[in-house]
Number of protein chains: 2
Amino acid sequence: MHTVIFAEPDFARMEKQFRTNLINALSGFKSVNLVGTANAQGMTNLAVFSQIFHIGANPPLIGMLVRPDSVPRHTLSNLLETGFYTFNNILPEFYQAAHQTSARYAVSEFEACGFTPEFSQHHPAPYVRESSVKIGLRFVEKHELAINGTIMVIGSVVEIICPEGCVAEDGYLDIEKAGSITCSGLDSYHTTQQLARLPYAKP
Amino acid sequence: MHTVIFAEPDFARMEKQFRTNLINALSGFKSVNLVGTANAQGMTNLAVFSQIFHIGANPPLIGMLVRPDSVPRHTLSNLLETGFYTFNNILPEFYQAAHQTSARYAVSEFEACGFTPEFSQHHPAPYVRESSVKIGLRFVEKHELAINGTIMVIGSVVEIICPEGCVAEDGYLDIEKAGSITCSGLDSYHTTQQLARLPYAKP
């Protein structure tokens, strides 16, 4: 197999968009979610994020990176203001509308992109009615990464809403069965096909 | 659609493995990679990690979470000792062997699980010859997350090796074409099927 090699000195010389596309896709498929927030006045906001990662199960914690200079900056100010936010999975039926939430709108992206806000009794942040896996989070910790100013936000899970029949007896949540898609880079969306679940590895 | 709801008080009451499986799968499909390291004596180590995420493109930075109490702790000590490590994508042909690197071995997981170490002139960490997308990283920053003691390691990309024909004209790296798979939860592996790349969103 013929290969292409990029070494460190190449990165600074690359055209900006080329570098952005290359590096964003590099580390693998990503956990893409619609992040729902509201400000203290109840104005809702919805934005697609893919820098989301599992941190720990006990307590249940999920991390998210927010670029201070990126479009969906209302997400950060809202979640800091109210203390709550939601993650909502993306289904093949509406991935184009989900991607569209990254545009700059003067009105709520729920309205602009055709999503329906849905509220629970457990916290004030809006869920996306159209999603099948919905996670309510309480803001717990924030780090600024010294090297590029990115903000890492850590949330504690306060609620999980998912389809009946997608939680296995051992707790495994079958997000493929729930319809979740994944993304790669800045703009590529993918469905999945399970190979297998493997048993706990022993020597 | 009938739904299942878990609220915060439920988590503490859950059986440990049930909670671990549920929460690990919750936030979406993950960037799963084999992480290659060597200690100062050249003894290699290989371990599968899925808490990996894009941080920024300029400079090119990738984050990884390491649980201090987890099996592949040699990864952390090795990369701190030498300053370098590699990410190697996982192909459908060897995902079972990749998963097997999470078992505790007295010898190198390269040998125990049937992988071939491969070295470059740019840094001392071992790549996986069998992978098609290989990333060399230099350790640059470490954060301990106060809330659960997880270690976040940030690496700066020093080298990218990928198949010819997988880099689009605009820089997009087609990891699906390169054969990369994704994972969900602790033990489920999935291939992908691209829906589309979407244009930059404008209102």
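Everything here concerns the structure above.
Residues numbered from 1 in each chain as written. Chains lettered and ligands numbered in written order. Predicted model: local features only at pLDDT ≥ 70, side-chain atom pairs only at ≥ 80, totals over all residues. Heavy atoms only, no water.

Draft legend 1. Region of the structure containing the interface of chain A and chain B. On the side of chain B, 100 residues touch chain A, which itself brings 100 residues to the contact. For the chain A and chain B pair, buried surface summed over both sides reaches about 9100 Å², with 63% attributable to carbon and sulfur atoms. Seen at the junction of chain A and chain B, the total is four salt bridges. The salt bridge partner of E8 of chain A is R138 of chain B, with a shortest N-O separation of 2.7 Å. Taken together, the connections running from chain A to chain B amount to 52 residue pairs in polar contact (both at pLDDT 80 or more). Residues of the side of chain A that touches chain B, tallied by class, amount to 51 nonpolar, 34 polar and 15 charged. (Contact = heavy atoms within 4.5 Å. Buried area = accessible area lost by both parts, 1.4 Å probe. Salt bridge = Lys/Arg side-chain N within 4 Å of Asp/Glu carboxyl O. Polar contact = N/O pair within 3.5 Å; in protein donor to acceptor, adjacent residues only side chain to side chain. Nonpolar A, V, L, I, M, F, W, Y, C, P; charged D, E, K, R; others polar.)

Draft legend 2. Geometry of the pairing of strand β9 (residues 134-144) of chain B. Residue and element names in this part refer to chain B. Where strand β6 (residues 84-88) meets β9, five bridges bridge the pair, whose relative direction is antiparallel. By the bridge assignment for β9, F87 is matched with I135. Where β9 and strand β10 (residues 151-163) come together, 10 bridges link them in antiparallel fashion. Of the residues in β10, the one forming a bridge with R138 is S156. What sits between β9 and β10 in their antiparallel hairpin is a turn of six residues, with G149 showing a positive phi close to 75 degrees. (Pairing = 2+ DSSP bridges. Helix = DSSP H or I, 4+ residues; strand = E, 2+ residues; numbered from the N terminus.)

Draft legend 3. Broad picture of the sheet that holds strand β11 (residues 182-184) of chain B. Ordered by their spatial adjacency, four strands build an open sheet running β11(A)-β12(A)-β12(B)-β11(B), and the pairing between neighbours is antiparallel. Every interior strand has two partners, whereas the edge strands, β11 (182-184) of chain A together with β11 of chain B, have only one. Within this sheet the neighbouring strands show an average axis-to-axis angle of 45 degrees, counted without direction. Here three bridges tie β11 of chain A to strand β12 (residues 188-197) of chain A, and the two strands are oriented antiparallel to one another. Bridging across to β12 of chain A, C183 of chain A finds its partner in Y189 of chain A. (Axes fitted to C-alpha atoms, helices over the stretch in contact; angles between N-to-C directions.)

Draft legend 4. How the structure looks around the packing of aromatic side chains. All names here are of chain A. Inspection of every chain in the model, using the stated rule, returns nine aromatic pairs over all chains. Each ring, one from Y85 and one from F87, has its centre 5.7 Å from the other, and the planes form 75 degrees; the classification is edge-to-face. We classify Y85 as buried; its relative accessible area is 0%. Residue classification places F87 among the buried residues on the basis of a relative accessible area of 0%. (Phe/Tyr/Trp six-rings, centres within 6.5 Å; stacked < 30°, edge-to-face > 60°. Buried < 20%, exposed > 50% of the residue type's maximum accessible area, 1.4 Å probe, protein only.)

Draft legend 5. The environment of T75 of chain A, seen in detail. Residue and element names in this part refer to chain A. Among the structural elements, T75 can be located in helix α3 (residues 73-82). Between the C-alpha atom of T75 and that of T37, which follows or precedes it by 38 residues, the distance is 6.1 Å. Sequence-distant contacts of T75, defined by excluding residues within four places in its chain, comprise V35, T37, N45, A47, F49 and M64. Polar contacts involving the side chain of T75 include one to the side chain of N45, which spans 3.5 Å.

Draft legend 6. Up close: the relation of the copies chain A and chain B. Overlay of chain A on chain B (RMSD 0.0 Å): rotation 180 degrees, translation along the axis 0.0 Å. Overall, the copies show the geometry of a two-fold rotation axis. Among all residues of chain A, the minimum C-alpha distance to the rotation axis is found for T192 of chain A, at 2.1 Å. The fraction of interface residues of chain A whose copies in chain B are also interface residues reaches 100%, indicating that both copies meet through the same surface. (Least-squares fit on C-alpha atoms with pLDDT ≥ 70 in both.)

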